[in-house]
There are 2 protein chains.
Amino acid sequence: MTRYKLTISYDGTKFHGFQRQNDLRTVQGVVEKALSKMTKGKQVNVFGSGRTDAGVHAFGQVIHFDYPGMMPAENMLKAVNSLMPLDILVSSASIVDENFHARFGVKRKTYQYRVDCGYYTDPFKRFYTGHYPYTLDVDKVQIALKDLVGEHDFSSFAASGGVIENKVRTIYSATAVYNKSNDELVFEFTGNGFLYNMVRILVATLLEIGNGRRDVHDFLRLFEVKDRQEARGTAPASGLYLKEVFY
Amino acid sequence: MTRYKLTISYDGTKFHGFQRQNDLRTVQGVVEKALSKMTKGKQVNVFGSGRTDAGVHAFGQVIHFDYPGMMPAENMLKAVNSLMPLDILVSSASIVDENFHARFGVKRKTYQYRVDCGYYTDPFKRFYTGHYPYTLDVDKVQIALKDLVGEHDFSSFAASGGVIENKVRTIYSATAVYNKSNDELVFEFTGNGFLYNMVRILVATLLEIGNGRRDVHDFLRLFEVKDRQEARGTAPASGLYLKEVFY
C-alpha cells in the first residue's frame, strides 16, 4: 500500500457536496469510483481535509488514500486526471508516509468568499458568488474583521448539525478586498479550523455590519452570548471556495 | 394588449434549454411563469428569437410577448427582473408595435463559441467553454474561416432533428481570436440564420482543420457534398453563447 496526497480543485455547482452519498454525484464518490477503476474494482477510501457542501467550490482541497500498489506521484496525477470529469482537476500529487492524514493533520485552512455587490447580479456569477445588492460600507467591514482575528468561542457561528463540542477556534487572518472593476467584495479567512457553515455565517454577519444593521463591534458581543440565533443569516454556498489547506 | 421586446442574458448551465417543457426548468418556462404571476394567473406566451439547447448560454437573447395591460418599459424591466432567478437577467425592455416578432423578424444573429485549449481544463471553465487539448494551428483556422463567409448550402452542418428544407444561409463574418492569457480560442459567427447545431458543428470542423486532420479548405468540399456524415463532430453546448440578435 502506498499513501498518496492529492490537491484537487473543483467547481461545486453540479456536485452534491464532497461527501460520498448513495446515488448522488459527490466529489468523494467520483474520485473513489475513478480509483476503483484503477484497482480493477478494489475499493479505495478517500479522506478529505473536510467536507464541502453542495455548491461550494475548491481551489485547493486536499485528499489522501492508500493505493494497493506503487507508481510515481506524477503518474498517479495523470492517471487520476484522465478519469476525472472536467469539473474536477488534480493539480498536484505526492507520496506521503503513513502518518499523513488529510483531515487530522490539518494545521490551517484558508477560505475565500466572493460577494457580488451589483444591484442586478450578473447571471454568469450566479453559481460563483453570493449576492448583496444593498448599501455596504466597506470601512465598517474592515473594522469588524479585526475583531475576528485571534482565539474566540465561535458557538454563535456554528450551524446546528455539527457534533463538535469545543467551539473555540483561532483566526490568523481575516481580510476583505473590494474590487471596483467587477463590483465584488472578496473575503479571505485563515484559521486553525472552521465549524460547520462558520465562514458563511461570518460573511452574512459582516455584510449586516457593513449595511449598518449591526454595531461595527457586534462580533465581541456575539462571542460572549454563544447563541446561534443571534448571528442568524448564512451566506449562500455558491460564493464559498476552499482555497488552501496547510499541514 | 401591449407588445414588449426584452433582451435577456442567462447562464444555461442549469436550464434544460430555452423551450418550455413540462416539469423541466427552461428559460421560456421560467419567464412565462413570472409573467403569469404579474397577470394573476393569465397565461402569457413568450416568443424567443430561437431556441438554445441545454447548457447553451446567452448574452443577448431576444423575446417578445403580449401583455394584458400597459406599463412603461422600464417598469416592465424591473418587474420581470424582480421575479427572475439569479441566472437570468433582463438587460433591456422596450414597447414595440404588433409587427415586431422576436423570431420572424430576425435579420442577423451573432454567436460566440469559447474553446479552452489548455491540456487540462480549468474546472471553473467546465460549463462555459468547449475543451480542445490537442495541437491547434490557429493560422489554418483563420484560412478556413474565410471559406465560410458568403452564401452557402449548409446541409453538411445541420443536425438531424431540424425540419427546415432550405439549408442555404449567409455568413457575414466568421472570426477567431486566440487569447494567450487564458489559453482560449474565441469564435464569432454572424449570419442571417443558423441551422440546428450549425455553430457547434462548424466549430468541431474548424478544430479538426486546425489540428491538421482535415484539409484547410475542407469547407468547400463539405458545401458540395451536402452530407451531415462528412462533418461528423459537434462541439459541446457549454462553449456556445447567443451573443446578439439584430432586427
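On a predicted model such as this, the values are computed, not experimentally measured, just so you know.

Points about the overall build of chain A
Okay, so step 1: Within chain A one finds six helices and ten strands.
Okay, so step 2: With the C-alpha coordinates aligned to their principal axes, the bounding extent of chain A is approximately 60 × 40 × 30 Å.
Okay, so step 3: When the 247 residues of chain A are sorted by exposure, 54% land in the buried category.
Okay, so step 4: When contacts within chain A are restricted to residue pairs at least 6 apart in sequence, long-range pairs at least 24 apart make up 70% of them.

Brief notes about the nonpolar core
Okay, so step 1: B:F65, B:L148, B:F157, B:F187, B:F189 and B:F219 are the most contacted members of the largest nonpolar core, which has 72 residues in total.
Okay, so step 2: Of all the elements, helix α4 (residues 198-211) of chain B adds the most residues to this core, at eight residues.
Okay, so step 3: Three or more residues apiece are contributed to this core by two domains, here domain 1 (2-96) and domain 2 (108-246) of chain B.
Okay, so step 4: A:V27, A:A73, A:A144 and A:A176 belong to the second largest nonpolar core, which has 71 residues in total.

Things to note about the UniProt feature "active site" (unreviewed entry) in chain A
Residues and elements named next belong to chain A.
Okay, so step 1: When the UniProt feature table is mapped to this numbering, "active site" (unreviewed entry) covers D53.
Okay, so step 2: Positionally, D53 belongs in the loop between β2 (47-48) and β3 (57-67).
Okay, so step 3: We classify D53 as partly exposed; its relative accessible area is 24%.
Okay, so step 4: What D53 contacts, discounting residues up to four positions off in sequence, is G17, Y196, N197 and R200.

Some points on the pairing of strand β5 (residues 108-116) of chain A
Residue and element names in this part refer to chain A.
Okay, so step 1: Across the nine residues of β5, seven count as buried, placing the element largely inside the fold.
Okay, so step 2: Relative to strand β10 (residues 240-246), β5 runs antiparallel, the two being bridged by six bridges. Across the sheet, the residue bridging to K109 is V245, located in β10.
Okay, so step 3: Note that β5 and strand β9 (residues 184-191) share eight bridges and pair antiparallel.

Regarding the packing of helix α3 (residues 138-148) of chain B against helix α5 (residues 218-225) of chain B
Okay, so step 1: Contact geometry of α3(B) with α5(B) gives a least axis separation of 8 Å together with a crossing angle of 35°. Side by side, α3(B) and α5(B) meet where B:A144, B:D147 and B:L148 of the first sit next to B:F219, B:L220 and B:F223 of the second.

Side note on the pattern of salt bridges
Okay, so step 1: A full pass over the atoms with the stated rule returns 28 salt bridges over all chains.
Okay, so step 2: The shortest N-O distance in the salt bridge between A:K243 and A:E188 comes to 2.8 Å. Within this pair, whereas A:K243 is found in strand β10, its partner A:E188 is found in strand β9, the two being separated by 55 residues in sequence.
Okay, so step 3: Of the charged contacts in the structure, one is a salt bridge between B:R3 and B:D66, with a shortest N-O distance of 2.8 Å. Of the two residues, B:R3 is situated in strand β1 (residues 2-10) and B:D66 in strand β3 (residues 57-67); the sequence distance between them amounts to 63 residues.
Okay, so step 4: On the accessibility criterion, B:R3 (15% relative accessible area) is buried.
Okay, so step 5: A residue is classified by how much of its surface remains accessible, and B:D66, at 27% relative accessible area, is partly exposed.
Okay, so step 6: What you see here is one network of salt bridges that share partners, running through A:E208, A:R213, A:R214, A:D218, A:R221, A:E230 and A:R232.

Comments concerning the UniProt feature "domain: Pseudouridine synthase I TruA alpha/beta" (unreviewed entry) in chain A
Okay, so step 1: Mapped onto this structure's residue numbering, the UniProt feature "domain: Pseudouridine synthase I TruA alpha/beta" (unreviewed entry) falls at residues 9-104 and 144-247 of chain A.
Okay, so step 2: Across residues 9-104 of chain A, the secondary structure splits into 24% helix and 25% strand, with the terminal C-alpha atoms separated by 20 Å.

A look at helix α1 (residues 27-38) of chain B
Residues and elements named next belong to chain B.
Okay, so step 1: Relative to the 16 Å expected for twelve residues at 1.5 Å per residue, α1 spans 17 Å between its end C-alpha atoms, a close match to the ideal helical length.
Okay, so step 2: Among the twelve residues of α1, nine are classified as buried, and the element is accordingly described as predominantly covered.
Okay, so step 3: By the burial criterion, the buried members of α1 are V27, Q28, V30, V31, E32, A34, L35, S36 and M38.
Okay, so step 4: Where the residues of α1 are buried, they touch β1, β3, α2 (73-83) and β4 (88-96).
Okay, so step 5: Backbone nitrogen of G29 and a side-chain oxygen of the N-cap are separated by 3.0 Å at the start of α1; the cap is T26.

Details of the relation of the copies chain A and chain B
Okay, so step 1: The transformation that overlays chain A on chain B combines an axial shift of 0.0 Å with a rotation of 180°, and the residual RMSD is 0.0 Å. Expressed as an axis order, the relation between the two copies is that of a two-fold axis.
Okay, so step 2: Both copies present the same face, since 100% of the interface residues in chain A are matched by interface residues at the equivalent positions in chain B.

Some thoughts on the interface of chain A and chain B
Okay, so step 1: With 25 residues of chain A in contact, the opposing surface of chain B contributes 25 residues.
Okay, so step 2: Roughly 2,100 Å² is buried in total at the junction of chain A and chain B, and carbon and sulfur atoms are behind 75% of that figure.
Okay, so step 3: Along the contact surface separating chain A from chain B lie three residue pairs in polar contact (both at pLDDT 80 or more).
Okay, so step 4: Mapped onto the side of chain A that touches chain B, the elements with two or more residues apiece are β1 (2-10), β3, α2 (73-83) and β4 (88-96) of chain A.
Okay, so step 5: Considering only residue class, the side of chain A that touches chain B consists of 13 nonpolar, six polar and six charged.

Some points on the environment of B:V203
Residue and element names in this part refer to chain B.
Okay, so step 1: Turning to its location among the elements, V203 is positioned in helix α4.
Okay, so step 2: For V203, a relative accessible area of 0% gives the class buried.
Okay, so step 3: C-alpha of V203 to C-alpha of Y241: the two residues are 38 residues apart in sequence and 13 Å apart in space.
Okay, so step 4: Those residues in contact with V203, other than ones at most four positions away along the chain, are Y113, V115, F187, F189 and A235.

Concerning the packing of aromatic side chains
Residues and elements named next belong to chain B.
Okay, so step 1: Per the counting criterion, the structure on display carries 35 aromatic pairs over all chains.
Okay, so step 2: Relative to F223, the ring of F154 has its centre 5.3 Å away and its plane inclined at 85°; by these criteria the two rings are edge-to-face. Taken as a pair, F154 in the loop between β7 (150-153) and β8 (168-179) and F223 in helix α5 lie far apart in primary sequence, 69 residues in all.
Okay, so step 3: Given a relative accessible area of 0%, F154 falls into the buried group.
Okay, so step 4: The buried category is assigned to F223, whose relative accessible area is 7%.

Reading the values: the criteria
Residue numbering note: each chain is counted from 1, following its sequence as written. The naming scheme follows written order: chains are lettered A onward, ligands numbered 1 onward. At least 70 in pLDDT is required for a residue's local features to be given in this predicted model, at least 80 for side-chain atom pairs to be given and counted, and no such filter applies to totals for whole chains, interfaces and linings, which use all residues. Neither water nor hydrogens contribute to the side-chain values; these are computed over all heavy atoms in the structure. The secondary structure listing takes helices from DSSP runs of H or I that are at least 4 residues long and strands from runs of E that are at least 2 residues long, numbered from the N terminus. Exposure categories follow from relative accessible area, calculated using a 1.4 Å probe and restricted to protein chains: below 20% of the type maximum is buried, above 50% is exposed, and the middle band is partly exposed. Contact between two residues is taken to exist if any of their heavy atoms lie within 4.5 Å; hydrogens are not considered. The definition of a nonpolar core used throughout is a set of buried Ala, Val, Leu, Ile, Met, Phe, Trp, Tyr and Cys residues joined through side-chain atoms within 4.5 Å. Domain borders in the structure are assigned automatically or taken from a domain database. UniProt positions are given in the numbering used here, feature names are shortened, and annotations may be inferred rather than shown by experiment. What makes two strands pair is DSSP finding at least two bridges between them. Interaxial angles span 0 to 180 degrees and are taken between N-to-C directions of axes, which are lines fitted to C-alpha atoms, for helices over the stretch in contact. Note on definitions: salt bridges are taken to be side-chain nitrogens of Lys or Arg within 4 Å of carboxyl oxygens of Asp or Glu. Every helix has an expected span of 1.5 Å times one less than the residues it contains. Any N or O atom pair separated by 3.5 Å or less is treated as a polar contact, with the protein-specific requirement of one donor-capable and one acceptor-capable atom, and with residues adjacent in sequence counted only for side-chain atom pairs. Least squares is the method for superposing the copies, and the C-alpha atoms it fits come from residues with pLDDT of at least 70 in both. Throughout, buried area stands for the accessible area (probe radius 1.4 Å) lost by two parts on being put together, summed over both. Here the term charged refers only to Asp, Glu, Lys and Arg, the term nonpolar to Ala, Val, Leu, Ile, Met, Phe, Trp, Tyr, Cys and Pro, and the term polar to all other amino acids, Gly among them. Pairs were defined over the aromatic rings of Phe, Tyr and Trp, the Trp ring being its six-membered one, requiring ring centres within 6.5 Å. Orientation was assigned from the angle between planes: stacked under 30 degrees, edge-to-face over 60, tilted for the rest.

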